[in-house]
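# Fold and geometry: a report
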Amino acid sequence: MLDNYLPILIFIIVGILVGVGPLVLGYFLGPRRPDAEKDSPYECGFAAFESARLKFDVRYYLVAILFIVFDLEIAFLFPWAVVLDELGMYGFWAMFIFLGILVVGFIYEWKKGALEWE
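Residues numbered from 1 in each chain as written. Predicted model: local features only at pLDDT ≥ 70, side-chain atom pairs only at ≥ 80, totals over all residues. Heavy atoms only, no water.

Okay, the overall build of the protein next. Along the protein, the regular secondary structure elements total four helices and zero strands. Reading the secondary structure of the protein in the N-to-C direction produces α-α-α-α. Going through the 118 residues of the protein one by one, you find that 9% of them count as buried. Sequence-distant contacts in the protein: of pairs separated by 6 or more residues, those separated by 24 or more amount to 66%. With the model as given, the accessible surface of the protein reaches about 11,000 Å², and the carbon-plus-sulfur share is 72%. (Helix = DSSP H or I, 4+ residues; strand = E, 2+ residues; numbered from the N terminus. Buried < 20%, exposed > 50% of the residue type's maximum accessible area, 1.4 Å probe, protein only. Contact = heavy atoms within 4.5 Å. Areas by Shrake-Rupley, 256 points an atom, 1.4 Å probe, with all protein chains shown as cover.)

As a further point, take the UniProt feature "transmembrane region" (unreviewed entry) in the protein. Per the UniProt record, "transmembrane region" (unreviewed entry) is annotated on residues 6-29, 60-81 and 87-108. Overall, residues 6-29 shows 100% helix and 0% strand. The separation of its end C-alpha atoms is 32 Å. As annotated, residues 87-108 comprises 100% helix and 0% strand, and the C-alpha atoms at either end are separated by 30 Å. (UniProt positions renumbered as here; feature names shortened; annotations may be inferred.)

Time to look at helix H3 (residues 58-82). Given a rise of 1.5 Å per residue, 25 residues ought to cover 36 Å, and the 37 Å separating the end C-alpha atoms of H3 matches this to within 8%. Taken residue by residue, H3 has Leu62, Leu66, Val69, Glu73 and Trp80 as its buried positions. Where H3 is buried, its residues touch helix H4 (84-112). (Expected span 1.5 Å × (residues − 1).)

All right, on to the packing of H3 against H4 then. Across the interface, H3 lies against H4 with an axial gap of 10 Å and an inter-helix angle of 170 degrees. For the element pair H3 / H4, the angle class is roughly antiparallel. For the crossing formed where H3 meets H4, the hand is left-handed. Taken together, the residues of the contact of H3 with H4 sort by class into 21 nonpolar, one polar and three charged. (Axes fitted to C-alpha atoms, helices over the stretch in contact; angles between N-to-C directions. Parallel < 35°, antiparallel > 145°, perpendicular 65-115°, else oblique. Left-handed = near helix turned anticlockwise from the far one by under 90°. Nonpolar A, V, L, I, M, F, W, Y, C, P; charged D, E, K, R; others polar.)

With that out of the way, let us pick up the packing of aromatic side chains. One pass over the full model with this rule turns up seven aromatic pairs. Seen from their ring centres, Phe76 and Phe98 are 5.3 Å apart, and the 75 degrees between their planes marks the pair as edge-to-face. A residue pair is termed long-range when its members are at least 10 positions apart, and Phe76 in helix H3 and Phe98 in helix H4 qualify at 22 residues. Note on Phe98: relative accessible area 23%, which makes it partly exposed. An angle of 80 degrees between the planes, with centres 5.1 Å apart, marks the rings of Phe92 and Trp93 as edge-to-face. The exposure class of Phe92 is partly exposed, given its relative accessible area of 34%. (Phe/Tyr/Trp six-rings, centres within 6.5 Å; stacked < 30°, edge-to-face > 60°.)

If you check helix H1 (residues 6-29), its first and last C-alpha atoms are 32 Å apart, about what 24 residues at 1.5 Å a residue would give, namely 34 Å. Taking the largest bend as the criterion, H1 deviates by roughly 35 degrees, centred on Val20, and proline Pro22 comes between one and four positions later. (Bend = angle between axes of the 7 residues up to and from the residue.)

Along the chain, Glu73 turns up in helix H3. Despite its burial, Glu73 pairs with no opposite charge, the nearest such side chain being Lys111 at 19 Å. Not counting the four nearest positions on each side in its chain, Glu73 is found in contact with Phe98, Leu99 and Leu102. (Lys, Arg positive; Asp, Glu negative; His and termini not counted. Salt bridge = Lys/Arg side-chain N within 4 Å of Asp/Glu carboxyl O.)

This is the structure we're talking about:
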């Protein structure tokens, strides 16, 4: 019975080796020449002048929501378009409802002014 899990175990081991292996190799084989410039925090090419605990404008979060709205839409539209013939009218109306919910999010962001840049 455990023979069925051998491919999964091999897959997990190979995944760990591919993910962690280059990091370990880079740590041991890479050059270590630290200086003040390399050890300083990087923020847009210049030194930080304010606290990192400042509150962001709500438009920052609205743009993030807008990205998620369109990212989700595209991620679901392509596979849906490929199998639309097999899904029939049920698939059509399910996607219609999904896009309707996304349009509500888009209209919310539009009303909040997230699409207007200053």
